[in-house]
Amino acid sequence: MTATRTRARADYHRLKAATRELVTVAGGLERAASQTRVAKTKLQAAGSPHDEHATVFLSVDVIADLEAATGEPCVTRELAHLAGFELFRLPRVDADEKWVGLLGEVSKEAGEIIGKLAEALRDDGVVTAGEVKALDLIGQTDDALRGLVRLREALVATAADASERGNR
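We now turn to the structure provided with this report. (Residues numbered from 1 in each chain as written. Predicted model: local features only at pLDDT ≥ 70, side-chain atom pairs only at ≥ 80, totals over all residues. Heavy atoms only, no water.)

## Details of the side chain of Glu109
Working step 1: Position of Glu109 relative to the elements: it lies in helix α6 (residues 99–122).
Working step 2: Taking the relative accessible area as the measure of exposure, Glu109 reaches 11% and is therefore buried.
Working step 3: Apart from residues lying up to four places away in sequence, Glu109 is in contact with Asp143 and Ala144. (Helix = DSSP H or I, 4+ residues; strand = E, 2+ residues; numbered from the N terminus. Buried < 20%, exposed > 50% of the residue type's maximum accessible area, 1.4 Å probe, protein only. Contact = heavy atoms within 4.5 Å.)

Given below as structure tokens:
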């Protein structure tokens, strides 16, 4: 019996490509195999785009081992993308982060993306693919998101620091 797949074939090929990238970042098949519980033949099959290996994928624990060893979430990033999310590394932030600096960063980045979007909308009220590329709207949005993530992590660090001291 063949199981019904819920995603397009191209999605599974992207997962296999992410697996190959992870193995490469880990130092190749032999080195990657030494960093987790599966043999290099399994790693090779999991990354293979060929039909005979179409249903062979890595288990989540193996992905976790390799991504921890490399510091690169190759497969996790692709899974997030397939689920409609973007993956950002959370910055390490001290609880004493300068709040004015963080607020300034968030305000600046958000202001820049709003200004660029207004520029794109000014002529015809529509944001086109050409404007997205020419004005680097995705990059500008990513910059704004990184600033918000840094602000969030500073808030989390402050809350954790306060709870360790028994403060509110």
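## A short note on the packing of aromatic side chains
Working step 1: Under the counting rule described, the total for this entry stands at one aromatic pair.
Working step 2: When the ring centre of Tyr12 is taken as reference, the NZ or CZ atom of Arg5 above it lies at 3.8 Å.
Working step 3: If you follow Lys16 out to its NZ or CZ, it ends over the ring of Phe57, 4.7 Å from the centre. (Phe/Tyr/Trp six-rings, centres within 6.5 Å; stacked < 30°, edge-to-face > 60°. Lys NZ or Arg CZ within 6 Å of the ring centre and 35° of its normal.)

## Structural notes on the packing of helix α1 (residues 9–25) against helix α5 (residues 74–82)
Working step 1: Two elements in contact, α1 and α5, have axes separated by 8 Å at closest approach and are oriented at 160 degrees. With respect to each other, α1 and α5 are oriented roughly antiparallel. Handedness of the α1/α5 crossing: right-handed. Packed against α1, whose contacting residues are Asp11, Arg14, Leu15, Ala18, Thr19, Glu21, Leu22 and Val25, the element α5 presents Cys74, Val75, Glu78, Leu79 and Leu82 at the interface. (Axes fitted to C-alpha atoms, helices over the stretch in contact; angles between N-to-C directions. Parallel < 35°, antiparallel > 145°, perpendicular 65-115°, else oblique. Left-handed = near helix turned anticlockwise from the far one by under 90°.)

## Re a nonpolar patch on the surface
Working step 1: Side chains of Leu117, Leu121 and Val127 sit close together on the surface and give an oily, nonpolar patch of about 200 Å² of accessible area.
Working step 2: Tracing the chain through its elements places Leu117 in helix α6.
Working step 3: The partly exposed category is assigned to Leu117, whose relative accessible area is 32%. (Patch = residues over 30% accessible without salt bridge, like charges linked within 9 Å, V, L, I, M, F, W, Y side chains within 5 Å. Areas by Shrake-Rupley, 256 points an atom, 1.4 Å probe, with all protein chains shown as cover. Salt bridge = Lys/Arg side-chain N within 4 Å of Asp/Glu carboxyl O.)

So far we have only geometry, and geometry alone does not tell us how the molecule works.
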